[in-house]
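What the coordinates show
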Amino acid sequence: MNDVRTKSGDPVSGRRLCWGASLVAIAAAANGCHARIATRASTPAKPSEAPPLIVELASHENLLYVRRANGRLYRWDTATGDTRLLEQEGFVAIAPDGSVAVTHKKLEPRGSRVEVWDLATERLLRTRVFGNGADRFLVAKGAVLLVESEPPRPPGPPMPPRSLVELPIVDTTLWNLQSDQLRKVRGFDPHPSTGCRFAPAGLRLACANWRGLSWRDLDHPQWDGSIALAPEWKEPRTDVVLTYKSKPQAEAPWTFWESLAWTGDGNRIVLAYARSGDPPECRLERWTPGDQAKAGKDSERLATVHRRCNIKVLAASRDGNRFVTSEYPSHLVLRRAPKYEAIEIAPVDATQAAFLPGDERFVTAHRDGLQLWDARTLGLLAKWP
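Since the model is a prediction, treat every value here as computed from it, not as a measurement.

A few words on the state of the cysteines. Inspection of the entire model under this criterion finds two disulfides. What pairs with Cys-196 in a disulfide is Cys-207, and their sulfur atoms sit 1.9 Å apart. Its torsion about the S-S bond being 110°, the disulfide of Cys-196 and Cys-207 is classed as right-handed. Here Cys-196, found in the loop between β12 (181–186) and β13 (197–198), pairs with Cys-207, found in strand β14 (residues 204–208); they are eleven residues apart in sequence, far enough to count as distant.

Turning our attention to the environment of Val-324. Here Val-324 shows up in strand β22 (residues 322–327). Placed 30 residues apart in sequence, Val-324 and Ala-354 show a C-alpha to C-alpha distance of 8.3 Å. Apart from the residues within four sequence positions on either side, Val-324 is in contact with Lys-312, Val-313, Leu-314, Ala-315, Leu-332, Val-333, Leu-334, Ala-353, Phe-355, Phe-362 and Thr-364.

What follows deals with the sheet that holds strand β10 (residues 143–148). Whether parallel or antiparallel, the strands of a sheet pair through hydrogen bonds between backbone atoms. Taken in spatial order, the four strands of this open sheet run β9-β10-β11-β12, and their pairing is antiparallel. Whereas interior strands pair on both sides, the edge strands pair on one side only; in this sheet they are β9 (134–139) and β12. Pairs of neighbouring strands in the sheet enclose a mean axial angle of 30°, with direction left out of account. Summarising the sheet, β9 and β10 pair through four bridges and their orientation is antiparallel. Across the sheet, residue Val-139 finds its bridge partner in β10, namely Val-144.

Rules used throughout
- Counting starts from 1 at the beginning of each chain's written sequence and moves along it residue by residue.
- In keeping with the model being predicted, local features are shown solely for residues with a pLDDT of at least 70 and side-chain atom pairs are shown and tallied solely at 80 or more, while totals for entire chains, interfaces and linings include all residues.
- For the side-chain quantities, the full set of heavy atoms in the structure was used; hydrogens and water were omitted.
- Count a disulfide wherever a pair of cysteine sulfur atoms falls within 2.5 Å.
- The helix count covers DSSP runs of H or I at least four residues long, the strand count covers runs of E at least two residues long, and both are numbered beginning at the N terminus.
- The contact definition used throughout considers only heavy atoms, calling two residues in contact when any of these lie within 4.5 Å.
- For two strands to be treated as a pair, DSSP must find no fewer than two bridges joining them.
- Here an angle of 0 to 180 degrees is reported between the N-to-C directions of two axes, which are lines fitted to C-alpha atoms, with helices fitted over the stretch in contact.

As structure tokens, then:
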């Protein structure tokens, strides 16, 4: 340290002045440090935010498309590990075969702009503005299924209580991407809670709820039908007042529909559902839609569980002989021919899954990202991110 001399030239006095200045600086720094410590103590640290939930997967060759709940779309090359975030925002649906995806933007004061993108080239294919708005999107390679918003209604008399109003039949709009034409399709609601799913290729659509399973080929209207789930679960009603004009009736079987998935070839449907009452029971079935299915002749019971249970089918292989499921309480499971017994992969929850072409690998989506598995050995091959 250099001496700081006073007017008298005394170097010692200079040292004293320097030390005095240092003490003042140290005290100020200490006060500032204590103030920062007090501030930190009074303001707890915020936990790191979890990434947005993965809500949809689609695969094409080695490419996996990942849609998060914030509307961003990622492309993960499972062969090289390369990842790309697409520039567009507001993605609301991906075609199961990874061919196209849909973005949605609300317009002011009313309406929606819906755009369809080719994922191979990332080019815009179609754009359409729905003047009253649109939501609830499903997309296949050749079409988009959506619900158009109704135009504003003039003020009128008050509606009756909700309990007295029957649930409406949703009329959806099918947007043909080749002809750029719209047409109404009655009775199919693309909302995720209703369980409608497009087949991996083509316009075959299946829907399930607590009442039953229905399907339709939107290109061939004659290919459609429906079946009731578990008719043997129906029980006679006890609240019916018997008169000479009335007869005992059977209640519809109250079932908890869990999930459905198309096999990769688009020819069969794998369905899981459960009894809502006692005794507890879960069923895993495979259906081949067609004329025979109307009579219930073309279904296969793959598994039955007689305990508290739920089985969520996340993905089915192309040949329909392997299924990735998420089962109660928190187990990632593979079921495969011929016995379809539950083979635990990991004691974790999964929300989405997809088989890659060839059915030799599959991907599962979790809260922290994706995991790539070997379908034969069930070994973990890679993680993303």
